[in-house]
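Spelled out from the first residue to the last, the chains are:
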Amino acid sequence: TALVFALVLSVCGPAFAQDWTEYQNNQDGFKVSFPGPPKITATTWKTQFDYTIPARVYSAERGRERYSLTVVDYSALEPLGIERRKGCPPGAEPCIGSDLSGPGFWKHDVRGALVYASFQFIQRDAKVTHFLWSHEDLVEGFQLQLTNNADQSRTFVYVSMHEMKLYVLEGTVPKGYPPPA
């Protein structure tokens, strides 16, 4: 899935685009432009309902600019919910779940993933200057823009979910730089 950076960079001038490299990852299902080849880091993501699931961070820097795409694999959540249910005390609804919520509330965890990921940014020491629903390549999600209260750096974020993968695209630039799109 091509995301925000690829879309914005495709309409930018040729001189600017020369500094950027298109990176495609079929396993994680995206195509994005970075200022050079990304560093790839395997990590984990703690979900709203306290599950720990696998994630990868693709990151690149250009001077004082930082760009990253975090891909979180939610496909393992259902088996984790079923496993969590095995250790629940009898009748513990938040742990057991229902048809609507799934065992261990895994379905609710997936439903709330975009809001939960967005809230991680909203909690920062920053002023939220933009928070709207959007879509990129027909994949809906949330756009956020923040200005850091301490150093006035600006962060642009796009959060989406597609085929049980959460995508968190983030770009941060110092005060006075062009938008990190």
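A.B. asks: Requested: an account of the pattern of salt bridges, with residues and values cited.
C.D. replies: For side chains bearing opposite charge, pairing can occur when the charged atoms are close. In this structure the tally under the stated criterion is seven salt bridges. Salt-bridge contacts for Arg 62 lead to Asp 19; the nearest nitrogen and oxygen are separated by 3.3 Å. In this pair, Arg 62 is assigned in strand S4 (residues 52-62) and Asp 19 in the loop between helix H2 (14-17) and strand S1 (21-25), connecting sequence segments 43 residues apart. Judged by its relative accessible area of 22%, Arg 62 falls in the partly exposed class. The exposure class of Asp 19 is partly exposed, given its relative accessible area of 45%. We note a salt bridge from Asp 28 to Lys 165, for which the minimum N-O separation is 3.4 Å. With Asp 28 in the loop between S1 and strand S2 (30-34) and Lys 165 in strand S9 (residues 165-173), the pair connects residues that are 137 residues apart, well separated along the chain.

A.B. asks: Just give me the short version of the side chain of Thr 47, but keep the residues and values in it.
C.D. replies: As for its placement among the helices and strands, Thr 47 is situated in the loop between strand S3 (39-46) and S4. Residue classification places Thr 47 among the buried residues on the basis of a relative accessible area of 2%. Among residues more than four places away in sequence, those in contact with Thr 47 are Ile 53, Tyr 74, Leu 77, Asp 109 and Tyr 116.

A.B. asks: I'd like a rundown of the nonpolar core, residues and numbers included.
C.D. replies: Grouped together as the largest cluster of nonpolar side chains are 22 residues, with contacts concentrated most on Trp 45, Tyr 74, Val 159, Leu 166 and Val 168. Broken down by secondary-structure element, the contributors of at least two residues to this core are S4, helix H5 (106-111), helix H6 (113-122), strand S7 (139-148), strand S8 (154-162) and S9. Looking at this core element by element, the count peaks at four residues for H6. The next biggest cluster of nonpolar side chains, apart from the first, holds 14 residues, and it includes Tyr 23, Phe 30, Ala 60 and Tyr 67.

A.B. asks: I'd love a proper account of the pairing of S9, names of residues and values included.
C.D. replies: In terms of burial, S9 is largely enclosed, as nine of its nine residues are buried. In S9, alternate side chains face the same way, and those of Lys 165, Tyr 167, Leu 169, Gly 171 and Val 173 on one face and Leu 166, Val 168, Glu 170 and Thr 172 on the other are all buried. Here strand S5 (residues 65-73) pairs with S9 via eight bridges, running antiparallel. Counterpart to Leu 69 in the pairing with S9 is Leu 169. In this structure, S8 lies alongside S9, joined through nine bridges in antiparallel fashion. Across the sheet, the residue bridging to Met 161 is Leu 166, located in S9. Connecting the antiparallel pair S8 and S9 is a turn made up of two residues, with Glu 163 showing a positive phi of about 50°.

Cut-off values and rules
- Residues numbered from 1 in each chain as written.
- Predicted model: local features only at pLDDT ≥ 70, side-chain atom pairs only at ≥ 80, totals over all residues.
- Heavy atoms only, no water.
- Salt bridge = Lys/Arg side-chain N within 4 Å of Asp/Glu carboxyl O.
- Helix = DSSP H or I, 4+ residues; strand = E, 2+ residues; numbered from the N terminus.
- Buried < 20%, exposed > 50% of the residue type's maximum accessible area, 1.4 Å probe, protein only.
- Contact = heavy atoms within 4.5 Å.
- Core = buried A, V, L, I, M, F, W, Y, C linked by side-chain atoms within 4.5 Å.
- Pairing = 2+ DSSP bridges.

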